[in-house]
Amino acid sequence: MDEDLRNIVLGVLATGVSASFGWLGRTYFWRRKLRRKQEFFGLPSGSDCLLVVNRLAGSERGVHTTDVSALLELSALVKDCGARPRIVQHDTARQGLGEIAEFCIGGPYSNRRMAAHLPNLLPGLTMNVEQEPPEDRGMFTVAGETYRAESGVSEYVVLARVTRGEGGRPVFLLCGQAAVTNQAAARHLARHYQALAGTYGSDGSFALLLKVVNSQAYGPDVVELVADVTRAARTAPVAEPAAT
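Overview of the structure. (Residues numbered from 1 in each chain as written. Predicted model: local features only at pLDDT ≥ 70, side-chain atom pairs only at ≥ 80, totals over all residues. Heavy atoms only, no water.)

1. Let's talk about the sheet that holds strand 6 (residues 145–147)
In spatial order, the strands read 4-5-6; together these three strands make up an open sheet with antiparallel pairing. Edge strands, defined here as strands with exactly one partner in the open sheet, are strand 4 (125–127) and strand 6. The mean angle between the axes of side-by-side strands here comes to 20°, regardless of whether they run parallel or antiparallel. Across three bridges, the pairing between strand 5 (residues 140–142) and strand 6 is antiparallel. Note on strand 6: the bridge partner recorded for T141 is T146. (Pairing = 2+ DSSP bridges. Helix = DSSP H or I, 4+ residues; strand = E, 2+ residues; numbered from the N terminus. Axes fitted to C-alpha atoms, helices over the stretch in contact; angles between N-to-C directions.)

Dropping the structure here:
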């Protein structure tokens, strides 16, 4: 009887030790995964984060409902890191670069801060903001190539991570030709940040040109990588010599 009791006690102890090691292992890997996520997004626990939103076309203060969905996805990501999202309108953002992490959403025609970021952070990439001709509105130009939107069929978005400023916190740009492309970029970032961190490092910069395929049928879910335009987008164009 004493032998049976001893075996039971030893079995219980072994189970407890095994469970403890399992819990410690899971906690360690969870914390390591969280730490890597925080490093990539520049969001240590308790920090603030800026979400800069554009305006709805034709409205002074309104936000497109699809951009609201993008904000919700990014807010969930920020909260997962233990940080605090702070949503501000594009024309009220007065924040320097590198002090806190930032997500800037929308094209330069509807987001003044994006209009400042593109020539400053991605000088080799331009987005057409002219009304005419209508087929060229929102057209991206980078590395000598142009990318026009075909509404609901193929639309493009630039997803970029750039570090500038003394604090070293990243700025994420989600600059799309339509609201659905902004949401697609937010979803792509949330789903693939681990692969992006593996490719570019937790503190690296990148600029990716993505294509949203058939958004009228698939919404923001079907996304293709068109090109990694990091080098071209971050290289300022060479000024042509003035005519004499």
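Here the narrative resumes, following the displayed structure.
2. Re the side chain of H90
Secondary-structure assignment places H90 in the loop between strand 2 (84–89) and strand 3 (101–105). In this structure H90 comes out as buried when scored by relative accessible area, which is 5%. Engagement of the side chain of H90 in a polar contact is seen with the backbone nitrogen of R112, the distance being 2.9 Å. When sequence neighbours within four positions are dropped, the list of residues in contact with H90 reads V52, V53, N54, R55, S110, N111, R112 and R113. (Buried < 20%, exposed > 50% of the residue type's maximum accessible area, 1.4 Å probe, protein only. Polar contact = N/O pair within 3.5 Å; in protein donor to acceptor, adjacent residues only side chain to side chain. Contact = heavy atoms within 4.5 Å.)

3. Re helix 3 (residues 112–121)
Every buried residue of helix 3 is listed here: R113, M114, H117, L118 and L121. Projected down its long axis, helix 3 shows its buried positions confined to an angular sector of 135°, all on one face. Seen from the open side of helix 3, the exposed residues pointing more than 90 degrees away from its buried face are R112 and P119. Elements that come into contact with the buried residues of helix 3 comprise strand 1 (48–53), strand 3, strand 4, strand 7 (154–163), strand 8 (170–176) and helix 6 (230–234). (Arc of directions from axis to C-beta.)

4. A short note on the nonpolar core
Ranked by internal contacts, the top residues of the largest apolar core, which has 28 residues, are F40, F41, L43, F103, L174 and L189. For this core, the secondary structure elements donating two or more residues are helix 1 (2–41), strand 1, helix 2 (65–80), strand 3, strand 7, strand 8, helix 4 (179–200) and strand 9 (206–213). Discounting residues that sit within four places of it in the chain, L189 has contacts with F40, F41, F103, L159, F172 and L196. In terms of nonpolar packing, the next biggest core, distinct from the first, is built from 26 residues, C104, V158, L173 and L209 among them. (Core = buried A, V, L, I, M, F, W, Y, C linked by side-chain atoms within 4.5 Å.)

5. Structural notes on the sheet that holds strand 9
Two strands in a sheet stick together by hydrogen bonds in their backbones, pointing the same way (parallel) or opposite ways (antiparallel). Here we have seven strands laid out as an open sheet, ordered 2-1-3-8-7-9-10, and mixed in their pairing. A single partner strand is all that each edge strand has here, and the edge strands are strand 2 and strand 10 (223–228). Pairwise comparison of adjacent strand axes, ignoring direction, gives a mean angle of 20° for this sheet. Where strand 1 and strand 3 come together, four bridges link them in parallel fashion. Paired with V52 across the two strands is C104, which belongs to strand 3.

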